[in-house]
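Structural features, examined
In case you want the letters, here they are:
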Amino acid sequence: MKTSDSIFLRALNKESLKIPPIWYMRQAGRYMPEYRAIRRKFKNFLDMCKNPEVCCELALQPINAFNLDASILFSDILTIPDAFGLGVEFLEGEGPVFNNPIKTSKDITNLPEFNPEDLSYVYKAVFNIKSALPSNIPLIGFCGSPWTLAAYSIEGKSSKDFNYTRNFIQQNKDSAHLFLEKLTNACFQYLKKQVHAGADVIQIFDSWANLLNEEEYNLYSMCYIKKLIALLKEDEETSKIPIILFARDPSFSTNKMTESNSDCLSLFWNIDKIDKSYLQGKVALQGNLNPKILLEDDNLIKAELNKVLNIFSNYPGYIFNLGHGITPDINPDKIKFITELIRSQ
Ligand code: 1CP
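Residues numbered from 1 in each chain as written. Predicted model: local features only at pLDDT ≥ 70, side-chain atom pairs only at ≥ 80, totals over all residues. Heavy atoms only, no water.

Digging into the overall build of the chain
Here is the rule we go by: Starting at the N terminus, helices and strands are each numbered in turn, a helix being any DSSP run of H or I of at least four residues and a strand any DSSP run of E of at least two. For this measure, only C-alpha atoms enter the radius of gyration; the expected value for a globule follows 2.2 Å times N^0.38, where N is the number of residues. Only protein chains enter the area calculation, which uses a 1.4 Å probe; residues under 20% of their type maximum are buried, those over 50% are exposed, and those in between are partly exposed. Whether two residues touch is decided by their heavy atoms; if any such pair falls within 4.5 Å, the residues are in contact. Areas reported here follow the Shrake-Rupley algorithm with a probe of radius 1.4 Å; residue values treat only the protein chains shown as occluding.
Counting its regular elements, the chain contains 14 helices and nine strands. Over its C-alpha trace the chain gives a radius of gyration of 19 Å, about what one expects of a compact globule, namely 20 Å for 345 residues. Seen through its principal axes, the chain has C-alpha atoms that stretch 55 × 45 × 40 Å. Evaluated residue by residue, the chain yields a buried proportion of 58% over its 345 residues. Looking at the chain alone, contacts between residues at least 24 apart form 73% of all its contacts between residues at least 6 apart. Within the structure as shown, the chain displays about 14500 Å² of accessible surface, and the carbon and sulfur contribution to it stands at 48%.

Observations concerning the site of the ligand
The line we're drawing: Being near a molecule or strand, for a residue, comes down to having at least one heavy atom within 4 Å of it. Contacts described as polar in this section are N or O atom pairs within 3.5 Å, which, within protein, must combine one atom able to donate a hydrogen with one able to accept it, while residues neighboring in sequence count only if both atoms come from side chains. Using protein atoms alone on a 1 Å grid, points that fit a 1.4 Å probe yet trap it form a cavity, whereas open point sets bounded by protein on both sides within 12 Å along at least five of seven lines form a pocket; residues with an atom within 4 Å of a point count as lining. A pocket or cavity is taken to hold a molecule when more than half of that molecule's atoms are within 2 Å of the pocket's grid points. Gly is put with the polar residues, along with every residue not named as nonpolar or charged; the nonpolar set is Ala, Val, Leu, Ile, Met, Phe, Trp, Tyr, Cys and Pro, and the charged set is Asp, Glu, Lys and Arg.
Close contacts around the ligand come from 23 residues, with Tyr35, Tyr152, Ser158, Ser207 and His324 the closest. The separation between an oxygen atom of the ligand and a polar main-chain atom of Arg26 is 3.1 Å. One of the backbone nitrogen or oxygen atoms of Ala28 is found 2.8 Å away from an oxygen atom of the ligand. Taken by itself the ligand offers 900 Å² of open surface, and the protein chains cover 89% of this. At a threshold of 2 Å from the grid points, most atoms of the ligand map onto the largest pocket. The class makeup of the residues in the shell around the ligand is 13 nonpolar, six polar and four charged.

Some words on empty space enclosed by the protein
Inclusion rule: Grid points are joined across faces, edges and corners, and a volume is the space filled by probe spheres set on the points.
Going through the model one piece at a time under the given rule, you end up with one cavity of 30 Å³ or more. By volume, the largest cavity amounts to about 130 Å³. What lines the largest cavity is a set of 15 residues, among which Ala247, Pro250, Thr254, Leu267 and Phe268 lie closest to the centre. The dominant element in the lining of the largest cavity, judged by the number of residues it contributes, is strand β6 (residues 243-247), at three residues. Across the lining of the largest cavity, the residue classes break down as 10 nonpolar, three polar and two charged.

Comments concerning the pairing of strand β8 (residues 284-289)
Consecutive side chains along a regular strand alternate between the two faces of the sheet. The condition that has to hold: In this scheme, strands are said to pair when DSSP sees at least two bridges between them. Every crossover in which the path from the first strand over the helix to the second runs clockwise, viewed with the strands pointing away from the viewer, is termed right-handed.
Counting buried positions along β8 yields six of six residues, so the element is predominantly enclosed. Looking at chain direction, strand β7 (residues 264-266) and β8 are connected through three bridges and run parallel. Bridge pairing in β8 places Ser266 opposite Gln286. Of the pairings in the sheet, the one linking β8 to strand β9 (residues 318-322) comprises five bridges and is parallel in character. Counterpart to Leu289 in the pairing with β9 is Leu322. Viewed along the sheet, the connection from β8 through helix α13 (residues 298-312) into β9 turns out right-handed.

Notes on the sheet that holds β9
As summarised here, the arrangement of the seven strands in space is β1-β4-β5-β6-β7-β8-β9, forming an open sheet in which the pairing is parallel. Both outer strands of the open sheet, β1 (71-72) and β9, are each paired with one neighbouring strand and no more.

Some remarks on the layout of surface pockets
Of the voids in this model, the largest pocket is the one considered here, and its volume is about 1300 Å³. Of the residues belonging to the lining of the largest pocket, the class tally is 23 nonpolar, 11 polar and nine charged. Estimates place the volume of the second largest pocket at around 200 Å³. Along the wall of the second largest pocket there are 14 residues; nearest its centre are Leu17, Lys18, Ile19, Pro20 and Ser313. Considered class by class, the residues forming the lining of the second largest pocket number nine nonpolar, three polar and two charged.

Some points on helix α11 (residues 214-234)
We count it as follows: Fitting axes to the seven residues ending at a residue and to the seven starting there, one defines the bend at that residue as the angle between these axes.
Roughly 40° is the biggest bend found in α11, and it falls at Ser221. Along α11, the positions that sit buried rather than exposed are Tyr217, Tyr220, Ser221, Met222, Tyr224, Ile225, Leu228, Ile229 and Leu232. Next to the buried residues of α11 lie β4 (139-144), α8 (146-155), α9 (163-171), α10 (173-197), β5 (201-206) and β6. Of the residues flanking the start of α11, the one acting as N-cap is Asn213, its side-chain oxygen 3.1 Å from the backbone nitrogen of Glu215.

Written out as structure tokens, the structure reads:
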């Protein structure tokens, strides 16, 4: 089968399908014992990401365990800040820590030019994964949104509210925009290389979209996502690659996300801001079971799953996914359970 005939690409092309394609955000990760066995061998998570053979093995683990309809590159969104020299480290049990975060506007003007070749380990992983996958399973490449990458780079770590970053941006508006511009160009070059190496689809993760009100979102996030998508749509090599945009819990209507010109929206689990009739025909939709439901018993999972399927089953271009990533406390048997349940409908 040609990759373009796969149910994942057909759904991204807004086709109505009886059974939706299925994949899960963070489908490779700590909830899987197979993952933990490999993870144990590396002190710093990013060292594991720098090993293309290991990344290939990790990306295939959920495909082999659950027979999913799409594979995602095994890597992380923070490879770009690392390539800018910000010294990203992930230590066991902790989130990311930056050894050289952005502290002043000078740090932004003095950033080295982004060299996409510094991330050649990622393109090698893409090539290896694509070569190992059967042709009916497309490979998703990805990056963080410029705003989400800037938030980590300025804060220097993860945070609940990213207050330090918000203050920095207020006090250094021009430099903040310069930084977002640099990140946008880096994301474009990075994604182009991933597509060149074999990625069939691109997902942009705006994981900190929830921190901004609509006005701030326009200014600091949407504006740069739009630029990034325009660059990809104008480039000969990437113009035909479907783009999925994930935004975590935006404070405004999901309709706004269509301004990005992405082909598909990956929906957070709350549905009150989703206007299906507006979105239909404009974008494919992906989502959006609350991952926490997977900690409940099978009857409750089934009821909540049916609610999601009832909302989206007739939508032209529907992909089943969660509203955010699988968390380490989820039992892999539950992933198997819902995958089989969806396919038995
Ligand atoms: O110690 C470990 O084992 C590290 C756990 C882990 C894993 C498995 C991290 C650290 N990253 C990843 C892989 C990863 N990250 C993938 C590929 C795996 C897959 O999806 O199958 C992807 C697509 C990401 C993307 C990513 N990294 C995002 C966007 C998605 C989202 O969840 O919103 C974000 C925000 C990150 C940053 C990140 N990476 C890891 C951590 C602990 C964090 C910080 C999260 C936070 O700020 O709370």
